[in-house]
Amino acid sequence: MKHLVAPSLLAADFLHLAQEVEMINESEADWLHIDVMDGVFVPNISFGFPVLEAVQGICRKPLDVHLMIVEPQKFIAEVAAAGAYLMNVHYEACTHLHRTIGAIKEAGMKAGVTLNPHTPVALLEDILPDVDMVLLMSVNPGYGGQKFIEHSVAKVARLKEMIVDKGLDTLIEVDGGVNLETGKRLVDAGADVLVAGNFVFKAHDQKQAIHALKEL
Ligand code: DX5
Ligand code: ZN
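Residues numbered from 1 in each chain as written. Chains lettered and ligands numbered in written order. Predicted model: local features only at pLDDT ≥ 70, side-chain atom pairs only at ≥ 80, totals over all residues. Heavy atoms only, no water.

A word on the overall build of the chain. The helix and strand inventory of the chain stands at eight helices and eight strands. A compact globule built from 216 residues would reach a C-alpha radius of gyration of about 17 Å, and the chain, at 16 Å, matches this within 12%. If you line up the chain on its principal axes, its C-alpha atoms span 40 × 35 × 30 Å. Of all 216 residues assigned to the chain, the portion counted as buried reaches 52%. When contacts within the chain are restricted to residue pairs at least 6 apart in sequence, long-range pairs at least 24 apart make up 66% of them. (Helix = DSSP H or I, 4+ residues; strand = E, 2+ residues; numbered from the N terminus. Rg over C-alpha atoms; globule rule 2.2 N^0.38 Å. Buried < 20%, exposed > 50% of the residue type's maximum accessible area, 1.4 Å probe, protein only. Contact = heavy atoms within 4.5 Å.)

Take the nonpolar core next. Nonpolar side chains in soluble globular proteins tend to end up buried together. In this structure, Leu9, Ile34, Val65, Leu124, Leu159 and Leu186 are the most contacted members of the largest nonpolar core, which totals 59 residues. Considering each element in turn, this core owes the most residues, five residues, to helix α5 (residues 152-165). When near neighbours in sequence (up to four residues on either side) are disregarded, Leu159 contacts Val121, Leu124, Leu128, Val134, Leu136 and Ile172. Listed in part, the eight residues of the second largest apolar core include Leu4, Trp31, Leu86 and Met133. (Core = buried A, V, L, I, M, F, W, Y, C linked by side-chain atoms within 4.5 Å.)

Taken together, the protein donors to the zinc ion (ligand 2) comprise His33 (NE2), Asp35 (OD), His66 (ND1) and Asp175 (OD), at separations of 2.0 to 2.3 Å. What the six donor atoms of the zinc ion (ligand 2) show is an angle range of 70 to 169° at the metal, which sorts the shape as octahedral. Spacing between the donor residues of the zinc ion (ligand 2) along their common chain follows H-x1-D-x30-H-x108-D. One end of the pair, Asp35, is in strand β2 (residues 32-37); the other, His66, is in strand β3 (residues 63-68), with 31 residues separating them in the sequence. His66 gets classed as buried once you look at its relative accessible area, which sits at 0%. (Donors = N, O, S within 2.8 Å, 3.2 Å for Na, K, Ca; no water. Tetrahedral: all angles 85-135°; square planar, octahedral: opposite > 155°, others 65-115°.)

Below, the discussion takes up helix α1 (residues 17-26). What α1 keeps buried is the set Glu20, Val21, Met23, Ile24 and Asn25. If you follow the buried residues of α1, they end up packed against β1 (4-7), β2, α2 (49-58), α7 (198-201) and α8 (206-215).

In the vicinity of ligand 1, 20 residues are found, and the nearest of them are Ser8, Gly142, Asp175, Gly197 and Asn198. Contact distances for ligand 1 include 2.7 Å between an oxygen atom and a backbone N or O atom of Gly142. At a separation of 2.9 Å, an oxygen atom of ligand 1 approaches a polar backbone atom of Gly145. Judged by the proximity of its atoms to the pocket grid, ligand 1 belongs to the largest pocket. Contributing elements (two or more residues each) for the shell around ligand 1: β2, β3 and β8 (193-196). Counting residues per element, the shell around ligand 1 draws most heavily on β2, which supplies three residues. Split by residue class, the shell around ligand 1 holds eight nonpolar, ten polar and two charged. (Near = heavy atom within 4 Å. Polar contact = N/O pair within 3.5 Å; in protein donor to acceptor, adjacent residues only side chain to side chain. 1 Å grid on protein atoms, 1.4 Å probe; cavity = no way out; pocket = protein on both sides within 12 Å on 5 of 7 lines; lining within 4 Å. Sits in = over half its atoms within 2 Å of the grid points. Nonpolar A, V, L, I, M, F, W, Y, C, P; charged D, E, K, R; others polar.)

This part is about the environment of Leu52. Locating Leu52 in the fold gives a position in helix α2. For Leu52 and Val36, which are 16 residues apart along the polypeptide, the C-alpha to C-alpha distance reads 9.0 Å. With residues up to four places along the chain from it excluded, the contact list for Leu52 reads Ile34, Leu63, Val65 and Ala82.

Within this model, the largest pocket holds a volume of roughly 280 Å³. As for the largest pocket, its lining consists of 24 residues, of which Gly144, Gly145, Asp175, Gly176 and Gly177 are closest to the centre. For the lining of the largest pocket, the secondary structure elements donating two or more residues are β2, β3, β8 and α7. Broken down by class, the residue content of the lining of the largest pocket amounts to twelve nonpolar, ten polar and two charged. (Points joined across faces, edges and corners; volume = space filled by probe spheres on them.)

This brings us to the packing of α5 against helix α6 (residues 180-189). It is the contact of α5 with α6, at a shortest axis distance of 8 Å, that shows an interaxial angle of 20°. With respect to each other, α5 and α6 are oriented roughly parallel. Our pair here, α5 against α6, has a crossing hand that is right-handed. Seen from α5, the contacting residues are Ser152, Val153, Val156, Ala157 and Lys160; seen from α6, they are Arg185, Leu186 and Ala189. Considered class by class, the residues forming the contact of α5 with α6 number five nonpolar, one polar and two charged. (Axes fitted to C-alpha atoms, helices over the stretch in contact; angles between N-to-C directions. Parallel < 35°, antiparallel > 145°, perpendicular 65-115°, else oblique. Left-handed = near helix turned anticlockwise from the far one by under 90°.)

Everything listed is a geometric property; what it means functionally is a separate question.
Written out as structure tokens, the structure reads:
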């Protein structure tokens, strides 16, 4: 499968959100990645459901929602109602991850589990068959524009091996510090979806930046 590209709205110009989403509609982006933060799970606050709903109203690409919040299971109905295609919850934020993944699917969404940089992929052994996607953080979540953590490439390769060994088709998404150089190495290691915030939205030619990521 050719890899997918999911620009991260966090790096968009919020004063011109409609134009930014229209750019995504007209681009080769496969999904739009949306970062929700609560100031508790991560040391920052981004935006919540009213923004998500407004974006969903005009976005023609599937919404890949990344919840950097504690107790994400409390908001499954809201995320579904806001039109998410995929709901990503953090492994570190879910005590009853298996139950939460089941509830996400019952609500009609694809289910993703996200790992912080320090969380080993080996911990996914028993949940892997139940999730549609694993989102590997290649920066500590909370902010855009951070430096890519190098060991993420090896982590992608290890996770890919686990997925192949189990005969699964789980997608691997990587988020944080993705550009053409890191993106190429991630795709070569087995990444299926590249999230990119600053690289896309701060580019002089945003659609060209998305095109270049698709071409890797
Ligand atoms: C970080 C967010 C990312 C962020 C990526 O906590 O999860 O999605 O927007 O931004 P860049 O690509 O600029 O590192
Ligand atoms: Zn994200």
